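What the coordinates show
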Amino acid sequence: MSTLLVDPTEPPRVGATLQALRQAQGLSLDELSRRAGVSKSMLSQIERNQANPTVAVVWRLANALRVELSELLSGARSNAPAIETVASHATPGLNSPDGLCHLRILGPIDLAGQFEWYELSIKPGGALESAPHEPGSREHLSVLSGSLEVTAGGAEQTVKTGETARYAVDGVHAIRNKGKQAASALLVVINA
């Protein structure tokens with residue numbers, strides 16, 4: 001009977017698992033590189049077992065793929081719960097520099113760059129001004145309370161409570177609260 005010995009000084013080989021997880025999520029090497037902050041050439045080398053990543057790199061890759069570190073190291077899939085709940089305090093958010101706009105990031109990180117949704121709150125006088133997205137990208141703004149003005153494609157439209165505006169965002173665009181009360185909305189971004 002032979003015993004398989006594992007060399008504790010040899011870093012774990014994660015190449016095949018990394019490639020399988022990346023492909024299962026439909027990610028290119030470029031996209032995973034961007035998400036994890038690891039160069040495309042390094043990712044390629046790791047997947048081909050030509051480079052052994054540091055623990056910090058494996059941790060960044062696991063986070064970018066939204067898997068447990070142990071799953072990436074061992075190749076064993078963890079049992080995900082049937083329903084995943086994210087606590088309110090764990091939902092990330094962003095504030096505009098002037099503090100008049102707040103975005104709660106409701107969508108999972110693994111869909112970022114493809115399909116994103118936010119809860120948007122804008123105080124009177126606040127504006128969410130955005131640079132162009134990829135050609136063919138669109139936003140869908142559903143106003144929950146108050147009213148908001150959308151500027152896109154050289155047009156302006158006031159969107160009231162209960163209404164939804166859909167518009168191209170491959171040019172400069174903005175959402176403004178010109179009213180006297182705070183406004184809230186759901187904002188969905190579909191990137192091309």
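Scroll up a little and you will see the structure.
Read on for a plain summary of the structure. (Residues numbered from 1 in each chain as written. Predicted model: local features only at pLDDT ≥ 70, side-chain atom pairs only at ≥ 80, totals over all residues. Heavy atoms only, no water.)

Once that is clear, we can look at the pattern of salt bridges. Tallying each qualifying case throughout the model produces 7 salt bridges. A salt bridge links Arg-34 to Glu-31; its shortest N-O distance comes to 2.6 Å. Here Arg-34 pairs with Glu-31, and both are found in helix 2 (residues 29-36), just 3 residues apart, close to one helical turn. You can call Arg-34 exposed: its relative accessible area is 52%. Through salt bridges with shared partners, one network takes in Glu-31, Arg-34 and Arg-35. (Salt bridge = Lys/Arg side-chain N within 4 Å of Asp/Glu carboxyl O. Helix = DSSP H or I, 4+ residues; strand = E, 2+ residues; numbered from the N terminus. Buried < 20%, exposed > 50% of the residue type's maximum accessible area, 1.4 Å probe, protein only.)

By the secondary structure assignment, Ala-165 is in strand 8 (residues 164-168). Sequence separation between Ala-165 and Val-150 is 15 residues, and the spatial gap between their C-alpha atoms is 7.9 Å. When near neighbours in sequence (up to four residues on either side) are disregarded, Ala-165 contacts Glu-139, His-140, Leu-141, Val-150 and Val-159. (Contact = heavy atoms within 4.5 Å.)

With that settled, consider the sheet that holds strand 8. Reading across from one edge, 1-2-3-10-5-8 is the order of the 6 strands in this open sheet, with antiparallel pairing throughout. Both edges of this open sheet fall to strand 1 (93-95) and strand 8, since each of them pairs with a single strand only. Averaged over neighbouring strand pairs, the angle between their axes works out to 20 degrees when direction is ignored. For strand 5 (residues 138-145) and strand 8, the ladder comprises 5 bridges, and the chain directions are antiparallel. If you follow Arg-138 over to strand 8, its bridge partner there is Ala-168. (Pairing = 2+ DSSP bridges. Axes fitted to C-alpha atoms, helices over the stretch in contact; angles between N-to-C directions.)

Below, the discussion takes up unusual backbone geometry. Despite not being glycine, Asn-49 has its phi angle at roughly 55 degrees, a positive value. Within the secondary structure, Asn-49 is located in the loop between helix 3 (40-47) and helix 4 (55-65). A positive phi angle, near 55 degrees, is found at Arg-66, a position not held by glycine. Inspection of the secondary structure puts Arg-66 in the loop between helix 4 and helix 5 (69-74). Among the residues examined, Arg-66 registers a relative accessible area of 42% and is labelled partly exposed.

On to the packing of helix 1 (residues 15-24) against helix 3. The geometry of helix 1 relative to helix 3 is characterised by a closest axis approach of 7 Å and an angle of 120 degrees between their N-to-C directions. Residues Gly-15, Ala-16, Leu-18, Gln-19 and Arg-22 of helix 1 form the contact with helix 3, whose own contacting residues are Leu-43, Ile-46 and Glu-47. Classifying every residue of the contact of helix 1 with helix 3 by side-chain character gives 4 nonpolar, 2 polar and 2 charged. (Nonpolar A, V, L, I, M, F, W, Y, C, P; charged D, E, K, R; others polar.)

What follows is about the environment of Thr-158. Tracing the backbone through its elements, the reader meets Thr-158 in strand 7 (residues 155-160). Judged by relative accessible area, which is 40%, Thr-158 ranks as partly exposed. Linking Thr-158 and Arg-176, residues 18 residues apart in sequence, is a C-alpha distance of 9.3 Å. What Thr-158 contacts, discounting residues up to four positions off in sequence, is Ser-147, Leu-148, Glu-149 and Glu-163.

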